[in-house]
Amino acid sequence: MALTTRIPPARRAQLGLKRSEFALLQRVSTPEKIQAFVNAVPANHELDGETIHSVREVLRVRRAHCIEGAFVAACALWIHGERPLVMHLDCATTDWPHVLAVYRRGGNWGAISKSNGAVLRFRDPVYRSLRELALSYFHEYFDKRGRKTLRSYSQALDLRRVDPALWVTCMGACRVAHDWISDLRHYPLISTHQERLLARRDAFERRAARLVEHPRDAAA
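An account of the accompanying structure is given in this report. (Residues numbered from 1 in each chain as written. Predicted model: local features only at pLDDT ≥ 70, side-chain atom pairs only at ≥ 80, totals over all residues. Heavy atoms only, no water.)

**Notes on the pattern of salt bridges**
Thinking step 1. Tallied over the full model, the rule gives nine salt bridges.
Thinking step 2. Between Arg60 and Glu57 there is a salt bridge, with its nearest N and O atoms 2.9 Å apart. Taken as a pair, Arg60 and Glu57 lie in helix α4 (residues 55-61) at a separation of three residues, close to a single helical turn.
Thinking step 3. Under the relative-accessibility criterion, Glu57 is labelled buried at 5%. (Salt bridge = Lys/Arg side-chain N within 4 Å of Asp/Glu carboxyl O. Helix = DSSP H or I, 4+ residues; strand = E, 2+ residues; numbered from the N terminus. Buried < 20%, exposed > 50% of the residue type's maximum accessible area, 1.4 Å probe, protein only.)

Below, the structure written as structure tokens:
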């Protein structure tokens, strides 16, 4: 893995993972492999209610939504000597926020992203700033009525600042880690004037966006 800035790789004991859990994440040694791994984990449709699964729980139940996938991706990056960075994307009240694991190559930013659809996933490390990276999701980030809803992005949080017991091995909902991420300082992507000028996604785009990798019916 070609790293721009190395850190000490996370040790198994440091994370609190079992040997089998740690070995699984050791196998995914690049952002591309990590993305393929989280893609292969079926979508968590939260059929039994809201969840915020830790890394351990995702590996156990084989289900994940965005923040849960971001935890897994960040943990894998850390195991391979990269900072476990995450970024929060916030939106209008008609939609749901999103969480990315972010990484750098040659000073540019890329992202690993768990999404059941096709367009809010991986980003190559070609973005000069986190703002540019966030804007790469802008056009495709819309609600069921076709309204573009992405409004702000956060600074990157290094999850080494958060006890692994709160996001790597937690057996309940990782609410403390979730709140730490959602409470980060956010920066607006558009002005109020620009918001009034936004066009809705057309019917064809909305229809195309209904294609998902893991249908809800299959998870029931």
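**Quick word on unusual backbone geometry**
Thinking step 1. Phi is positive for Glu46, close to 50 degrees, though the residue is something other than glycine.
Thinking step 2. Locating Glu46 in the fold gives a position in the loop between α3 (31-40) and α4.
Thinking step 3. Here the phi dihedral of Arg62 falls at roughly 55 degrees; this positive angle occurs in a residue that is not glycine.
Thinking step 4. Topologically, Arg62 is positioned in the loop between α4 and α5 (66-79).
Thinking step 5. What makes Arg62 partly exposed here is its relative accessible area of 31%.

**Notes on the nonpolar core**
Across soluble globular proteins, you tend to see nonpolar side chains buried next to one another.
Thinking step 1. Of all hydrophobic cores here, the largest spans 43 residues; its most connected members are Leu15, Leu25, Val55, Phe71, Cys75 and Trp167.
Thinking step 2. Sorting the residues of this core by element identifies α2 (19-26), α3, α4, α5, β2 (98-105) and α7 (175-182) as the ones contributing at least two each.
Thinking step 3. Look past the residues within four positions of Leu15 in its chain and what remains in contact with it is Ala10, Phe22, Cys75, Trp78, Ile79, Pro164, Val168 and Thr169.
Thinking step 4. Counting 19 residues, the second-largest nonpolar core is a separate cluster that includes Leu130, Ala134, Tyr141 and Tyr153. (Core = buried A, V, L, I, M, F, W, Y, C linked by side-chain atoms within 4.5 Å. Contact = heavy atoms within 4.5 Å.)

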